[in-house]
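Analysis of the macromolecular model
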Amino acid sequence: MKKILCLIDALGMGGAERQMIGLALLLKQRGYRVTLLTYYAHNSYVELVQGYGLRSKTLQVKPSPLSKLMAVRGHIMEEGGYDCVIAYKTGPNIISCLLRLMGMKFQLIVSERNTTQHIRRKEKIQFRLYRMADYVVANSQSQANFIAEHFPWLKQKTIVITNFTDTNHFAANYTEKGSMVKILTTARVAKQKNVLRYLDAVDLLRKRGVKNIHFDWYGDVQTGEETYGEEVFNKVKKMQLEDIISFHPATPKILEHYQQCDIFCLPSNYEGFPNVVCEAMSCGKPILCSRVCDNPYIIREDENALMFDNTNMEDMADKIKAMCEKSQEELSRWGHRSREIAESLFSMDAFVGKYIKLIENS
């Protein structure tokens, strides 16, 4: 059976990281010899990796790009090569393409995990290097469309494989709305996630006299956006929102928070294929989300979700209020519909089957 290298920069908290671990497990279960390789020691999911019995290694590298490149090259040579390398995220994608450019022999699948917002010099170099890949996997139709429009020479090798959700792990829990409606968000504190405008909407709801709602946000400040994070937390204090919204560190034990909330909300400015929306749906929760990227393909508006304009705090506040005012019967019906959609769209078998088709088409 073929040897597969799953390459990602680190296993910190995040959707791409969970998807990579899941892919490595699913390939292992189907008989492939899989190694999960990282070059940063941010291993928040180490217990999960060990529990799955995955072969994994974290390389010792210096901060320079050359150090990472040579360390990955050294590992591949020590292992006697791999039949296929599957890379997730920009850094590992570029490293893998450069190794192919240097003459290393392996099938290469790079994966786009977000929706590109700008075409700068960095992105131009990145997508030109993708010529070295056998396949470019986009995890959203939005990103596949972006690639086809701006880098048409990659269109024939671009494949859409949307994320899977472990619907056994993210089991449904249909809570009854209590006196306090609990709205959950799980996302990094980052500009992409539209946190400042979300705070404006929360403040607007309070000014309108809407009561008995509490917002919980689980997620760390994104590396490189510490200034934005500071702005967010200062705004919470300035607006005196501490009693209505709470920010918590990211946690690997997010399941219990999905199951205990009444409604899930993701106010992002853009997404790839949002794992957290899928996980919340799998847990049987009604959804509030922005009308961006692939969100309209995932939810069923007015069946399990309401959508809002991510640039309009009034529309956001209106939709939050409308969802909270729904009866227990309607929220329960929407939660059951979320679970039905999750079971039909986010299949693990379909996800890994598409990757295996690419691996075996070498």
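Note that the structure is predicted; figures quoted are calculated from it, not measured.

Our next topic: the sheet that holds strand S8 (residues 181-186). Strand order in the open sheet formed by six strands is S10-S9-S8-S11-S12-S13, and the pairing between neighbours is parallel. Looking at the sheet topology across the chains shown, the edges are occupied by strand S10 (245-248) and strand S13 (305-308). Strand-to-strand, the axes of this sheet are offset by a mean angle of 20°, without reference to chain direction. In the sheet, S8 pairs with strand S11 (residues 263-266) via two bridges, with the strands oriented parallel. Residue pairing across strands places Ile183 opposite Ile263, the latter belonging to S11. Across the sheet, helix H12 (residues 313-324) is in contact with S8, strand S9 (213-218), S11, strand S12 (287-290) and S13; its angle to S13 comes to roughly 165°.

With that settled, consider the state of the cysteines. With the rule as written, the count across this model stands at zero disulfides. You can see Cys265 has no disulfide; the closest cysteine sulfur is in Cys289, sitting 8.0 Å from it. Its sulfur unpaired, Cys278 is 10 Å from the next cysteine sulfur, which belongs to Cys289. Relative accessible area serves as the criterion here: at 0%, Cys278 is assigned to the buried category.

Before going further, it helps to examine the packing of helix H4 (residues 90-101) against helix H5 (residues 121-129). Relative to each other, H4 and H5 sit at 50°, their axes nearing to 9 Å. Of the possible angle classes, the one that applies to H4 and H5 is oblique. Taken as a pair, H4 and H5 cross one another with a handedness that is left-handed. Residue-level inspection shows Thr90, Ile94, Cys97 and Leu98 of H4 in contact with H5, the latter providing Lys122, Gln126 and Leu129. Within the contact of H4 with H5, the residues separate by chemical class into four nonpolar, two polar and one charged.

Time to look at a nonpolar patch on the surface. Nonpolar side chains collect at one region of the surface, where Leu66, Met70 and Met102 lie side by side and expose about 290 Å² of accessible area between them. Its place among the elements puts Met102 in the loop between H4 and strand S5 (107-112).

The rules behind the values
Residues numbered from 1 in each chain as written. Predicted model: local features only at pLDDT ≥ 70, side-chain atom pairs only at ≥ 80, totals over all residues. Heavy atoms only, no water. Pairing = 2+ DSSP bridges. Helix = DSSP H or I, 4+ residues; strand = E, 2+ residues; numbered from the N terminus. Axes fitted to C-alpha atoms, helices over the stretch in contact; angles between N-to-C directions. Contact = heavy atoms within 4.5 Å. Disulfide = S-S within 2.5 Å. Buried < 20%, exposed > 50% of the residue type's maximum accessible area, 1.4 Å probe, protein only. Parallel < 35°, antiparallel > 145°, perpendicular 65-115°, else oblique. Left-handed = near helix turned anticlockwise from the far one by under 90°. Nonpolar A, V, L, I, M, F, W, Y, C, P; charged D, E, K, R; others polar. Patch = residues over 30% accessible without salt bridge, like charges linked within 9 Å, V, L, I, M, F, W, Y side chains within 5 Å. Areas by Shrake-Rupley, 256 points an atom, 1.4 Å probe, with all protein chains shown as cover. Salt bridge = Lys/Arg side-chain N within 4 Å of Asp/Glu carboxyl O.

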